[in-house]
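Spelled out from the first residue to the last, the chains are:
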Amino acid sequence: MLRRFKHKPLQTFLTVVQVLLGSFAMTFALSAYLTPDDTSSEDTFFLQAGYLEPDGSTGQFYNVFLPKDFPELLQLTSDVEAIAISSGADGIEAIYEGERFRFMLGVNVTPNYFEIANLRITKGSAFTRADEESQEAVVVMSESAAKTMFGDADPLGQEASISGKTYRVLGLVSDVARTLYGQPGIYFPTWASVKSFSGGDGFMTLLVKAKPGQSSAAGEQLLAAVRQVYKDNPMVPAESGRDFFVQGAEGSFTNQPALNPIFVILGLFGIMSLIISSIGMFSNTFVDVTRRTHEIGINRALGATSNAIGRIFSLESALLAFVGSVLGAALAGVLMSVLIKPLEQSFLYGTQRVAWQPEAAFIVVVVAVVLGALLAFVPALRAGRMKPIEALRNV
């Protein structure tokens, strides 16, 4: 590697810088992706009310659960710590200052939903008991939805017509990539809910927080409790033969923060930089093989095998990639430790926690070294197969 710096210092330096920049960008982006999600929990999950027909077919109840039934459900379930309502409503239309906005999804929730879901209120407040008692029409919006509707203006206290009713913005909540229904834009309180296609006053889904390690038992207890509390539900008449049951939604509950486009762009930039730098190492190795033909011939004449000659050039390229990628990963670690707080608040609006991850640095270094070695393999193979007499003749 030092020999390459001696004979082609600028070209070798630029190759290392390319690897450094690519490794820096990839480490940054991969660290953001691998940072543990504090809002995920195996003990928090969704349950939906459904029914089982005598023929084995199933369906869903849309207007079953009511907040007033929570105390009784909790009394009957020893392994359930808390219950919240969560019910999606598609196609939410909002009007603000004469301009129309359309959001794919709204979610009707009880006040304790945000706490159970570990959603961060980034500005203002969530729904409170006082709001419930006053039955005021208020909403909590996601950061991105508020940005779309109000731009740079302070959204708190603003009023907008949403699905034909005037609501006041009470608070902002962190963006999430998905919940059971998708990516919510607006959260409505159950006392001022937006009707979905199903209509009615009840709700179809519970967000359940079980005691640690007891999610399975909590689900079974809720099934028994729901059957008991809603045994007289008109949708499940005894003569119909339907059996009331509670089915779990796919997977455990996760409010995974959406990966910010900044990190996606950084990751793509990193990949492109590593590929370009690897092509540069291929070119450097090819030129180096041509320049060192006489040296190769002497080594072959002295008994060096073709594999040994090839390994020399491959290892030199791999070492260049290693140095550049380690420097890039280390630089990402230093800058992330210094700039991460301002970054989280300015670009991520406080919705995503990001920290330098050693696993990300390791993956990036391995990828860079493997790419460098592989793309240098062809000229290295040419060097290894060179016959001593031909190498000495081409001096």
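Up top you'll find the structure we're talking about.
Residues numbered from 1 in each chain as written. Predicted model: local features only at pLDDT ≥ 70, side-chain atom pairs only at ≥ 80, totals over all residues. Heavy atoms only, no water.

(A) Layout of the overall build of the chain. In terms of regular secondary structure, the chain is built from 13 helices and eleven strands. Here the chain holds 395 residues, and 46% of them are scored as buried. When the accessible surface of the chain is split by element, carbon and sulfur atoms take 60% of a total near 19,200 Å². (Helix = DSSP H or I, 4+ residues; strand = E, 2+ residues; numbered from the N terminus. Buried < 20%, exposed > 50% of the residue type's maximum accessible area, 1.4 Å probe, protein only. Areas by Shrake-Rupley, 256 points an atom, 1.4 Å probe, with all protein chains shown as cover.)

(B) Local environment of helix H6 (residues 143-150). Among the residues making up H6, those that are buried are Glu-143, Ala-145, Ala-146, Met-149 and Phe-150. Looking straight down H6, one finds that the buried residues subtend no more than 165° of arc, so they occupy a single side. Looking at the buried residues of H6, the elements they touch are strand E3 (80-96), strand E4 (99-109), strand E5 (121-124), strand E6 (138-142), strand E7 (159-162) and strand E8 (165-173). Looking one or two places after H6, you find Gly-151, whose phi comes out positive at around 65°. (Arc of directions from axis to C-beta. Contact = heavy atoms within 4.5 Å.)

(C) Region of interest: the environment of Ile-275. Structurally, the position occupied by Ile-275 is in helix H8 (residues 261-291). Exposure remark for Ile-275: the relative accessible area of 38% places this residue in the partly exposed category.

(D) Inspection of the pairing of E3 at higher detail. Among the 17 residues of E3, twelve are classified as buried, and the element is accordingly described as predominantly covered. The pairing of E3 with strand E10 (residues 205-210) spans five bridges and is classified as antiparallel. By the bridge assignment, Ile-85 is partnered in E10 with Leu-206. Counted between consecutive antiparallel strands, the loop separating E3 from E4 contains two residues, among which Glu-97 sits at a positive phi close to 50°. Examined bridge by bridge, E3 and E7 share two bridges and lie antiparallel to one another. Bridge pairing in E7 links Ala-94 to Ile-162. (Pairing = 2+ DSSP bridges.)

(E) Summary view of a nonpolar patch on the surface. Residues Val-264, Leu-268, Ile-271, Ile-275, Ile-279, Phe-282, Phe-286, Leu-375, Phe-377 and Val-378 make up a contiguous nonpolar surface patch of about 840 Å² in total accessible area. Looking at the nonpolar patch, the element that brings in the most residues is H8, giving seven residues. (Patch = residues over 30% accessible without salt bridge, like charges linked within 9 Å, V, L, I, M, F, W, Y side chains within 5 Å. Salt bridge = Lys/Arg side-chain N within 4 Å of Asp/Glu carboxyl O.)

(F) Main features of the nonpolar core. If you look at the biggest cluster of nonpolar residues, it comprises 42 residues, and the most contacted ones within it are Tyr-113, Phe-114, Met-141, Met-149, Ile-162 and Tyr-187. Taken together, the elements giving at least two residues each to this core come down to E3, E4, helix H4 (113-116), E6, H6, E7, E8 and strand E9 (186-189). Sort the elements by how many residues they give to this core and E3 lands first, with six residues. If near-sequence neighbours (up to four positions away) are discounted, Met-149 is found in contact with Ala-94, Tyr-96, Phe-101, Phe-103, Met-141 and Ala-160. One finds Leu-73, Ile-83, Ala-218 and Val-226 within the second-largest nonpolar core, a separate group that totals 18 residues. (Core = buried A, V, L, I, M, F, W, Y, C linked by side-chain atoms within 4.5 Å.)

(G) Local environment of the environment of Leu-21. Secondary-structure assignment places Leu-21 in helix H2 (residues 9-34). By relative accessible area, Leu-21 is classed as partly exposed at 38%. Separated by 308 residues in the primary sequence, Leu-21 and Ala-329 have C-alpha atoms spaced 9.1 Å apart.

(H) Region of the structure containing helix H7 (residues 215-229). Taking 1.5 Å per residue, 15 residues should reach 21 Å; H7 reaches 20 Å between its end C-alpha atoms and fits that length. All of the buried residues in H7 are Ala-218, Gly-219, Gln-221, Leu-222, Ala-225, Val-226 and Val-229. Seen along its axis, H7 keeps its buried residues to an arc of 165°; they face one direction. Set apart from the buried face of H7 by more than 90 degrees, the exposed residues are Ser-216 and Glu-220. (Expected span 1.5 Å × (residues − 1).)

(I) Expanded view of the side chain of Asp-69. Turning to its location among the elements, Asp-69 is positioned in the loop between strand E2 (58-60) and helix H3 (70-75). Classification of Asp-69 as buried rests on a relative accessible area of 9%. A distance of 3.3 Å separates a polar atom in the side chain of Asp-69 from a polar atom in the side chain of Lys-68. (Polar contact = N/O pair within 3.5 Å; in protein donor to acceptor, adjacent residues only side chain to side chain.)

(J) Quick look at the packing of aromatic side chains. Scanning the entire structure with this criterion turns up seven aromatic pairs. Relative to Phe-150, the ring of Tyr-96 lies with its centre 4.7 Å away and its plane at 80°, an arrangement referred to as edge-to-face. With Tyr-96 in strand E3 and Phe-150 in helix H6, this residue pair connects regions lying 54 residues apart in the sequence. Given a relative accessible area of 12%, Tyr-96 falls into the buried group. Taken together, Tyr-113, Phe-114, Phe-127, Tyr-187 and Trp-191 form an aromatic cluster joined through their ring pairs. (Phe/Tyr/Trp six-rings, centres within 6.5 Å; stacked < 30°, edge-to-face > 60°.)

(K) Representation of the pattern of salt bridges in the model. Under the defined criterion, the tally for this structure stands at six salt bridges. Between Asp-69 and Lys-68 there is a salt bridge; the shortest N-O distance is 3.3 Å. A relative accessible area of 64% means that Lys-68 is categorised as exposed. The salt bridge partner of Glu-136 is Arg-168, with a shortest N-O separation of 2.9 Å. Of this pair, Glu-136 sits in the loop between helix H5 (129-134) and E6 while Arg-168 sits in strand E8, and the two are 32 residues apart along the sequence. With relative accessibility at 29%, the residue Glu-136 sits in the partly exposed group.

(L) Spotlight on unusual backbone geometry. At Glu-97, a residue that is not glycine, the phi angle is positive and equals roughly 50°. Its location among the elements puts Glu-97 in the loop between E3 and E4. Its relative accessible area of 70% is what places Glu-97 among the exposed residues. Positive phi values are uncommon outside glycine, yet Gln-135 reaches one of about 60°. Along the chain, the position of Gln-135 falls in the loop between H5 and E6. With relative accessibility at 46%, the residue Gln-135 sits in the partly exposed group.

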